[in-house]
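# Structural overview for review
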Amino acid sequence: MNDTFRKHTVQLQFYATAPYPCSYLEAQEARSQVAVPSELISSGAYSQLVLQGFRRSGAFVYRPWCDHCQACVAVRLPVAVFEPNRTQRRTLKRNESLKIRIMELEYRDEHFELYQRYQQSRHSGGGMDQDGREQYEGFILKSQVASFLAEFSENGIVRMVSLIDQLDDGISSVYTFFDPDFAARSFGVFNVLWQVGLAKQLGLQYVYLGYWIKNCRKMEYKTQYQPIEGLLNGKWQMLKGM
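Residues numbered from 1 in each chain as written. Predicted model: local features only at pLDDT ≥ 70, side-chain atom pairs only at ≥ 80, totals over all residues. Heavy atoms only, no water.

### Comments concerning the sheet that holds strand β5 (residues 55-57)
Here four strands make up an open sheet; going across it, the order is β1-β4-β6-β5 and the pairing antiparallel. The open sheet is flanked by β1 (13-16) and β5, the only strands paired with a single partner. Here the average twist between neighbouring strands, direction ignored, is 35°. (Pairing = 2+ DSSP bridges. Helix = DSSP H or I, 4+ residues; strand = E, 2+ residues; numbered from the N terminus. Axes fitted to C-alpha atoms, helices over the stretch in contact; angles between N-to-C directions.)

Laid out in structure tokens, this is it:
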């Protein structure tokens, strides 16, 4: 832990959760290390926590802390050297009609309805497909740090919403949901590429993409963005040959 991290988190405590079923690797147990109290985690403190591999879900700030597994690797894109490949450039072209609006964390019926459709289509049976408004607001709209929504619309219809945190050195892609009826548009890919552009506009160095898991189909896609860095053995380094 560096001095800045100590300064920002001097009053924070960390605890390990009890084991629970892993959401990503079958027949595995997982644990998390949680930073508390969440109300003391300022944007500066959170920026330092992210550098140590932490992430947030609502007000819950955590990192994987499993007993016998280190499959979850925090990853980030260095925007100055990132270059989209041919397929990604096509995705940018395919979605250039999207209108983008930056918004505060505020409830909107059309966002919640899109979130419900996305969960029911993409994560049916996973629990989040049953989320009501209270769960949605706690997950998407509750934040102690510098956060905003990016709304992507077309012909007046909201197609995608992304929750983003602004850090000292980059932006963190917290969660994105989109219209499941337009899978061929690759909205998720477009969103990552747009965030790279946003980080450049803001003069920031990185886009943090959460965790990459090599043997998990839902998470392994992140290495399609190159070059990409991972936090391995406490040090951020380029992921090569992954």
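Back to the text.
### What to know about the side chain of lysine 222
Within the element layout of this structure, lysine 222 appears in the loop between α7 (217-220) and β13 (229-232). Buried and unpaired, lysine 222 has no salt bridge, with glutamate 220 as the nearest side chain of opposite charge at 12 Å. Apart from the residues within four sequence positions on either side, lysine 222 is in contact with Val75, Leu209, Gly210, Tyr211, Trp212 and Ile228. (Buried < 20%, exposed > 50% of the residue type's maximum accessible area, 1.4 Å probe, protein only. Lys, Arg positive; Asp, Glu negative; His and termini not counted. Salt bridge = Lys/Arg side-chain N within 4 Å of Asp/Glu carboxyl O. Contact = heavy atoms within 4.5 Å.)

### Describing the UniProt feature "domain: N-end aminoacyl transferase N-terminal" (unreviewed entry) in the protein chain
UniProt records the feature "domain: N-end aminoacyl transferase N-terminal" (unreviewed entry) for residues 20-90 in the present numbering. With 20% helix and 32% strand, residues 20-90 has its two end C-alpha atoms placed 40 Å apart. (UniProt positions renumbered as here; feature names shortened; annotations may be inferred.)

### Let's talk about the pairing of strand β6 (residues 60-64)
Note: strand β4 (residues 32-36) against β6, four bridges, orientation antiparallel. Residue pairing across strands places alanine 35 opposite valine 61, the latter belonging to β6. By the bridge criterion, three bridges tie β5 to β6 in an arrangement that is antiparallel. Residue serine 57 lies in a different strand from β6, and its bridge partner there is phenylalanine 60.

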